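Now for the letters of each chain:
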Amino acid sequence: MEFLAEYGAFLLKAVTIVVAILVVIGGVVSISMRNRRSDDGELVVKKLNDELDNHKEDLEYALYSKEELKALEKDKKKEDKAKEKAEKKRLKDGLEATDKRKRVYVLDFDGDIQASQVELMRQEITAVLTMATAEDEVVVRLESGGGMVHSYGLGASQLKRIRDHGIPLTVCVDKVAASGGYMMACLANRIVAAPFAIIGSIGVVAQLPNFNRLLKKHDVDYELFTAGEYKRTVTMFGHNSEKAKDKFQSDLEDTHELFKDHVKQSRPGVDIEAVATGDIWYGQQALDHSLIDEVGTSDDYLVTACASSDVYSVRYEHKKSLQEKLGLAVQKGAEGAFTRLLTLLNKQQQTKG
């Protein structure tokens, strides 16, 4: 028993040290990221056609015999030679080259409450607009349950830049595009959503606790000074009058009307009064309500696109400083050690049980 007590005390100290290290490292990395300039990054571009071809080749090498692989390689060489010959003949006859293919630019947006990834997406869109033409396409793989109105409003404005340049915009939703997420998605020329993706939630919500009675109970006064009748309506600490609550509710209603007008303008075929209830729908239901245009996954959409287009993933990444790289590496190692420690403790508990 004495040994177990000492061992338990040792483990408790170890866990405490690991947690302390994680907190310190997390703080250092967070401060470093906050001080980083918005233009301190780089564009990462990958051709998805090549990745798809590599996967196919890996499977071929695993499944086919040497003879079959030789035959495939021979057929491919014949096909490439025939294409090259046909292209030379077209150029000789004064015709345009046929190797100019449509380009599809793929962006990813994973939204949190603050839509913080908008800062990266605006860089990606700016870069794409320097190259894309009306014959190309931009595909945004979007996932978000919504958040702050002004933040997602900016996200929607960034997508509108693509539409304003006359470039076809497709939004693919595999999991969720609700509230602010749908505010962004509805700007697309075409929305593709997975069968069980959550779509809609065209509504506005706001909630906050009120500690006024608790403060009064403990004889704590809360003073709020404003200039302007509606500079502050409801508050967490003071008394909220009926007039203040009515004004706050009126502001929510106004925001909801703006949201409805935004969706109606972007998707004229939607019965806005029927869908702007704050309710959500799954893939096929959303299609029935004209909230989306097609049921399917982003994977199928992009694989199909690769057959006839050059598809590029475009991602803007902040350059990590040496401080961040070291901090993240140590943090990852500490988290791994902490997880293994908890797993070991859990196994010991099960053994004793």
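You'll find the structure just up there.
In short, a report on the structure. All figures in this text were calculated on a predicted structure; none of them were measured in a lab.

## So, the overall build of the protein
Okay, so step 1: Counting secondary structure elements, the protein contains twelve helices and ten strands.
Okay, so step 2: For the protein, the proportion of its 353 residues judged to be buried stands at 32%.
Okay, so step 3: Long-range pairs, those at least 24 residues apart, make up 75% of the contacts in the protein with a sequence separation of at least 6.
Okay, so step 4: Carbon and sulfur atoms make up 55% of the accessible area of the protein, which totals about 23100 Å².

## Observations regarding unusual backbone geometry
Okay, so step 1: The backbone of Ser179 shows a phi angle near 55 degrees, a positive value even though the residue is not glycine.
Okay, so step 2: For Ser179, the location among the structural elements is in the loop between strand E5 (176–178) and helix H6 (180–185).
Okay, so step 3: Of note, the phi angle at Ser290 is positive, near 65 degrees, even though the residue is not glycine.
Okay, so step 4: Mapped onto the secondary structure, Ser290 falls in the loop between helix H10 (283–288) and strand E9 (294–295).

## Details of the sheet that holds E5
Okay, so step 1: Judged by pairing direction, the sheet is mixed, and its three strands sit side by side in the order E5-E7-E8 without closing on themselves. Two strands in the sheet have a free side with no partner beyond their single neighbour: E5 and strand E8 (280–282). Sheet twist, expressed as the mean angle between neighbouring strand axes with direction ignored, is 30 degrees.
Okay, so step 2: Pairing of strand E7 (residues 198–200) with E8, which is carried by three bridges, proceeds in the antiparallel orientation. Residue pairing across strands places Ile198 opposite Tyr282, the latter belonging to E8.

## So, the pairing of strand E10 (residues 309–318)
Okay, so step 1: Across seven bridges, strand E1 (residues 41–47) lies against E10 in antiparallel orientation. Residue pairing across strands places Val44 opposite Arg315, the latter belonging to E10.
Okay, so step 2: Inspection of the sheet shows strand E2 (residues 102–110) paired to E10 by five bridges, in the parallel sense. Residue pairing for E10: Arg103 is matched across the bridge by Asp310.

## Structural notes on the nonpolar core
Okay, so step 1: Counting 46 residues, the largest nonpolar core has Phe109, Val138, Val140, Leu159, Tyr182, Ile199 and Leu291 as its most contacted members.
Okay, so step 2: Setting aside its immediate chain neighbours within four residues, Tyr182 contacts Ala177, Ile191, Ile199, Gly200, Ile202, Val263, Arg267 and Leu291.
Okay, so step 3: In terms of nonpolar packing, the next biggest core, distinct from the first, is built from eleven residues, Val106, Val139, Val192 and Val311 among them.

## Topic: the packing of helix H2 (residues 48–63) against helix H11 (residues 298–308)
Okay, so step 1: Look at H2 against H11: their axes get within 10 Å of each other, and the N-to-C directions meet at 95 degrees. The orientation of H2 relative to H11 falls into the category roughly perpendicular. Residues Leu48, Asn49 and Leu52 of H2 lie in contact with H11, whose contacting residues are Leu302, Val303 and Cys306.
Okay, so step 2: Class assignment for the residues of the contact of H2 with H11 results in five nonpolar, one polar and no charged.

## Things to note about the side chain of Ser298
Okay, so step 1: Relative to the elements of secondary structure, Ser298 occurs in helix H11.
Okay, so step 2: Sequence-distant contacts of Ser298, that is, excluding residues within four places in its chain, are made with Arg141, Cys172 and Asp174.

## Looking at the packing of aromatic side chains
Here the distance between the centres and the angle between the planes together describe a pair of aromatic rings.
Okay, so step 1: On inspection of all chains with the given rule, the structure shows five aromatic pairs.
Okay, so step 2: Note on Phe211 and Phe237: the rings are 5.9 Å apart at their centroids and 25 degrees apart in plane angle, and the pair reads as stacked. Within this pair, whereas Phe211 is found in the loop between E7 and helix H7 (212–217), its partner Phe237 is found in the loop between H7 and helix H8 (242–266), the two being separated by 26 residues in sequence.
Okay, so step 3: On the basis of relative accessibility, which here comes to 32%, the residue Phe211 falls in the partly exposed class.

Procedures and definitions
Residues numbered from 1 in each chain as written. Predicted model: local features only at pLDDT ≥ 70, side-chain atom pairs only at ≥ 80, totals over all residues. Heavy atoms only, no water. Helix = DSSP H or I, 4+ residues; strand = E, 2+ residues; numbered from the N terminus. Buried < 20%, exposed > 50% of the residue type's maximum accessible area, 1.4 Å probe, protein only. Contact = heavy atoms within 4.5 Å. Areas by Shrake-Rupley, 256 points an atom, 1.4 Å probe, with all protein chains shown as cover. Pairing = 2+ DSSP bridges. Axes fitted to C-alpha atoms, helices over the stretch in contact; angles between N-to-C directions. Core = buried A, V, L, I, M, F, W, Y, C linked by side-chain atoms within 4.5 Å. Parallel < 35°, antiparallel > 145°, perpendicular 65-115°, else oblique. Nonpolar A, V, L, I, M, F, W, Y, C, P; charged D, E, K, R; others polar. Phe/Tyr/Trp six-rings, centres within 6.5 Å; stacked < 30°, edge-to-face > 60°.

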